[in-house]
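One-letter residues, chain by chain:
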Amino acid sequence: MSLVCVLALVPGTARADNPIVQHIYTADPAPLVHNGRVYLYTGHDEDGSTYFTMKEWRVWSSADMVNWTDHGSPLNISTFSWASANAWAGQVIARNGKFYWYVPVTNRATNSMAIGVAVGDSPTGPFRDAIGRPLVGNGEIDPTVFIDDDGQAYLYWGNPNLWYVKLNADMISYSGSATKIPLTTAGFGTRNGNASRPTLYEEGPWVYKRNGTYYNVFAAECCSEFIAYSTAPGPTGPWTYRGTIMPRQGGSFTNHAGVVDFNGGSYFFYHNGALPGGGGYTRSVAVEKFSYNSNGTFPTITMTSTGAPQVGTLNPYVRQEAETIAWGSGIETEPSSEGGMNVGWIENGDYIKVKGVAFGAGATSFNARVASAGSGGRIEVRLDNSNGPLVGTCTVPVTGGWQTWTNATCAVSGATGTRDVFLRFAGGSGNLFNVNWWQFTGTGGGVDGNLLTNGNLENGTTGWGAHGAATLSANTAVVHGGAGSLSVTGRTAAWNGPNQDVTSKLTNGKTYTTSVWVRSQSGTPAAKATLSLTANGTTNYLQLTPATTVNANGWTQLTGTATVSWSGTLSSAGFYVETAEGTDSLLVDDVSFQ
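Residues numbered from 1 in each chain as written. Predicted model: local features only at pLDDT ≥ 70, side-chain atom pairs only at ≥ 80, totals over all residues. Heavy atoms only, no water.

Focus: the overall build of the protein chain
Item 1. The number of helices and strands found in the protein chain is one helix and 44 strands.
Item 2. On C-alpha atoms alone, the protein chain measures out to a radius of gyration of 25 Å, which is about the 25 Å that the 2.2 N^0.38 rule sets for 594 residues.
Item 3. Based on the C-alpha atoms only, the size of the protein chain along its principal axes is roughly 75 × 60 × 50 Å.
Item 4. Partitioning the contacts of the protein chain with sequence separation of at least 6, the portion at a separation of at least 24 is 63%.
Item 5. Carbon and sulfur atoms make up 47% of the accessible area of the protein chain, which totals about 20800 Å².
Item 6. With 32 positive and 40 negative side-chain charges, the protein chain shows a spacing of 3 Å between the two charge centroids. (Helix = DSSP H or I, 4+ residues; strand = E, 2+ residues; numbered from the N terminus. Rg over C-alpha atoms; globule rule 2.2 N^0.38 Å. Contact = heavy atoms within 4.5 Å. Areas by Shrake-Rupley, 256 points an atom, 1.4 Å probe, with all protein chains shown as cover. Lys, Arg positive; Asp, Glu negative; His and termini not counted. Charge placed at Lys NZ, Arg CZ, Asp CG, Glu CD.)

So this is what it looks like as C-alpha cells:
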C-alpha cells in the first residue's frame, strides 16, 4: 500500500502546497533551472522505512513552482552495475548539451560509499552510467557540483569531511587528486561537546556562486540537523561561517538544502517529515521563496505548509499531463504506455488539485485520456476545493485494460477566470481507472482558441505544410497524446520543418504562448518554434521557444511566450518548427499557438 492510501484528508478542504509531492516520500532535493522550468531531482524513501532505504532517484519539474510534473525514475541502483545499494543524495548539472547526475552509492567491491556519475540527453533522462565505475570514492557521501564562470567545474562531497576535485570539461573525469577542505571553526562554526567534530559542518553541501561570492549551504550538527552556510571569495575558500538559514524543525532529524534563482525569485528547497507517516526515514521535499538581504546574506527561513507562491498561471487549453499536480489525495503514478507517466490506483473520492488555472472567458468542455480494466467511473471537475462548484462530469468507460486508452469528454459550464481545479474521481469500489492527460476547450471554439489547425495531430497532416524541404506524414506508432503525431523527414536544412500559415490570425502587438512536443527520430538536435513575419516586403523571424535538446527516447516540450509585432502591412506569417542546426528527422505532436 502506498503512502497516499493512508492520507486522511478532510473532504472539501483545500490543502496548502508543501510538501510539494504527496504520493511518495521524497528526500534530498537538488533543483536545476533549465529552459524555463525548474527540474527537481530527489531521492525516494520507501514506505515504512526504518533506515535510509532508497533504491531509486526521481525527477519532477514545474514552470510555476506549484504544479509539479512527475517524470518518474530515470535512474536507480541497477543503472550502476558496480553498485549494490543506497541511492542517496545527488545533484544534476547541464553541460555540453548533456545532463550529468552525480550520486553516492555503495560500491559492491569495497562495501563503502562512492560517487558515480550518470549522463542523459535531457533533464528527465533516461540516464546511463557514464564510465562504468566509480568516479571517486573514499567512503563519503552527498556530492554537489558547480561550474565557475571560467568554465572550471568542481565536485564537492563529504561526511564527516569536506572534499573537492576539479572536474575536467568532459564532466566524467577529474585532474589531480581529491583535496580536503580544512574544516575550521572560523569557516564552518563551532560545535560543542564533540572533540572529533569541532565544526558545525555535517553533510549535504550545496555550492554555488552569486554576485562574485561563493556560497556553501550545508546540513549542520546532527542530530537533528539545521541548515547553515559559509561564504568564500573563491571556490575552494577560505570559508567564513555566516550562520543559520533554517533552524532545527520539521519532524526529520536530517535536512538537505538546494538553492536556485528562477524567474526573478530565489527558492530554498529542503525536506521534512510533514506527510502522514513521515519522519527521519520517510521524508518529503518542500520549498520556500525568499529574498537575500541587501548585503547578500540569507534571511532566516522557516518551514511552512503554504510553500512558494505560483509564478504565473496554468493554461488549461493545452494538453496537461495528469501527473502535473499541486496536491493529490489517494492517487499514485506509473509509467504510461503512451509515454511519460499516468495517474493510477484511483479510488472513489480521490482527487488531484491543479492550482491557478487561467480559464479566461470560460471553458466549454473537458477532455481526458483515460483507461480502465476496472469498473470505470466519473471525473468530477470542481473549482476551489474537492467539494467545490461542480462545472462538469465526465463518464469514464471500461476500456478493457489499464493501458488501453480512450478519450472521455464532457460539457463544462461556469469555469471562468483563474481558479484552482480539483479533478475528483468517483465510482464504485476498488481501483476505478487511470488518467494520462487532460485538456479544456475554450469559448473561442476549436481547441481552446489555438490558432493552429489540427494542433493535436489527430487528423493526419491536415492544416500542415512544409517550410522548405521536408516530407510530412501521419504517424500512429509513436505519439505524445491521442492517436497521432506528425513525422517530419527529408529535411535538407535546419530551418526546414512543419509549417502553418497564420497570417490572418495574428493581432499586432499581442502576446502569444507556444507549446510544442517534439521527439527526434535520430540524433539529439536542439528544436525550436519560430514565426516568420513578412511586412512591407521585409521578412523577420521571431523565436517563439528556446532551442531545446530533443532525443529519440522520449518527448520534450518546447514552451515560450512572445509578443508579435510588425511595422506596415503584414502580407505573410508562418508558424514552423525547426532545429538550431542539422537535418535530423523529427516527430511533432500537440502543438499550440495562442
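The structure having been displayed, the exposition proceeds.
Notes on empty space enclosed by the protein
Item 1. Counted according to the given criterion, the structure contains two cavities of 30 Å³ or more.
Item 2. Taken as a whole, the largest cavity encloses approximately 50 Å³ of empty space.
Item 3. Ile20, Val21, Gln22, His23, Trp60, Trp68, Asp70, Glu323 and Ile325 are the residues that line the largest cavity.
Item 4. Residue composition of the lining of the largest cavity, grouped by class: five nonpolar, two polar and two charged. (1 Å grid on protein atoms, 1.4 Å probe; cavity = no way out; pocket = protein on both sides within 12 Å on 5 of 7 lines; lining within 4 Å. Points joined across faces, edges and corners; volume = space filled by probe spheres on them. Nonpolar A, V, L, I, M, F, W, Y, C, P; charged D, E, K, R; others polar.)

Looking at the layout of surface pockets
Item 1. Its boundaries defined by the atoms lining it, the second largest pocket holds a volume of some 370 Å³.
Item 2. Counting only elements with at least two residues in the lining of the second largest pocket, the list comes to strand E1 (25-34), strand E7 (91-95), strand E11 (144-147), strand E15 (201-210) and strand E19 (258-262).
Item 3. Sorting elements by how many residues they give to the lining of the second largest pocket places E15 first, with five residues.
Item 4. For the lining of the second largest pocket, the class distribution of residues is 14 nonpolar, one polar and three charged.

A look at the state of the cysteines
Item 1. Applying the stated rule across the entire model yields two disulfides.
Item 2. Disulfide partner of Cys222: Cys223, at an S-S distance of 1.5 Å. Disulfide Cys222-Cys223: the torsion about the S-S bond is 60°, which places it as right-handed.
Item 3. Take Cys222: its relative accessible area is 26%, and that puts it in the partly exposed class.
Item 4. One disulfide bridge connects Cys394 with Cys410, the sulfur atoms lying 2.0 Å from each other. Looking along the S-S bond of the Cys394-Cys410 disulfide, the torsion reads about -85°, which is the left-handed sense. (Disulfide = S-S within 2.5 Å. Buried < 20%, exposed > 50% of the residue type's maximum accessible area, 1.4 Å probe, protein only.)

A word on the packing of aromatic side chains
Item 1. Applying the stated criterion across every chain, the model contains 41 aromatic pairs.
Item 2. Members of the aromatic cluster, connected to one another through ring pairs, are Tyr208, Tyr215, Tyr229, Phe268, Tyr270, Phe290, Tyr292 and Phe298.
Item 3. Taking NZ or CZ as reference, Arg210 lies 3.7 Å from the ring centre of Tyr292, over its face.
Item 4. Sitting above the plane of the Trp437 ring, Arg319 keeps its charged end 3.6 Å from the centroid. (Phe/Tyr/Trp six-rings, centres within 6.5 Å; stacked < 30°, edge-to-face > 60°. Lys NZ or Arg CZ within 6 Å of the ring centre and 35° of its normal.)

Notes on the sheet that holds strand E21 (residues 284-290)
Item 1. Strand order across the open sheet formed by three strands is E19-E20-E21, with antiparallel pairing between neighbours. Edge positions in the sheet fall to E19 and E21, since each of these pairs with one other strand and no more. Here the strands of the sheet are splayed against their neighbours by 30° on average, with no regard to which way each runs.
Item 2. Summarising the sheet, strand E20 (residues 265-272) and E21 pair through seven bridges and their orientation is antiparallel. Each residue of the ladder has a partner; that of Ser266, found in E21, is Phe290. (Pairing = 2+ DSSP bridges. Axes fitted to C-alpha atoms, helices over the stretch in contact; angles between N-to-C directions.)

Section: the nonpolar core
Item 1. Residues Trp57, Trp101, Val217, Val259, Phe268 and Phe298 are the most contacted members of the largest nonpolar core, which totals 45 residues.
Item 2. With four residues, strand E8 (residues 98-107) is the single largest residue contributor to this core.
Item 3. For Val259, the contacting residues outside a window of four places in its chain are Pro31, Trp206, Tyr208, Val217, Tyr267, Phe268, Phe290, Tyr292 and Phe298.
Item 4. Counting 33 residues, the second-largest nonpolar core is a separate cluster that includes Tyr317, Val343, Ile352 and Val396. (Core = buried A, V, L, I, M, F, W, Y, C linked by side-chain atoms within 4.5 Å.)

A short note on the sheet that holds strand E17 (residues 226-232)
Item 1. Pairing within the open sheet is antiparallel, and its four strands lie in the order E15-E16-E17-E18. One side of each edge strand has no neighbouring strand; the edge strands of this open sheet are E15 and strand E18 (240-246). This sheet shows a mean twist of 25° between the axes of neighbouring strands, independent of strand direction.
Item 2. Examined bridge by bridge, strand E16 (residues 213-220) and E17 share seven bridges and lie antiparallel to one another.

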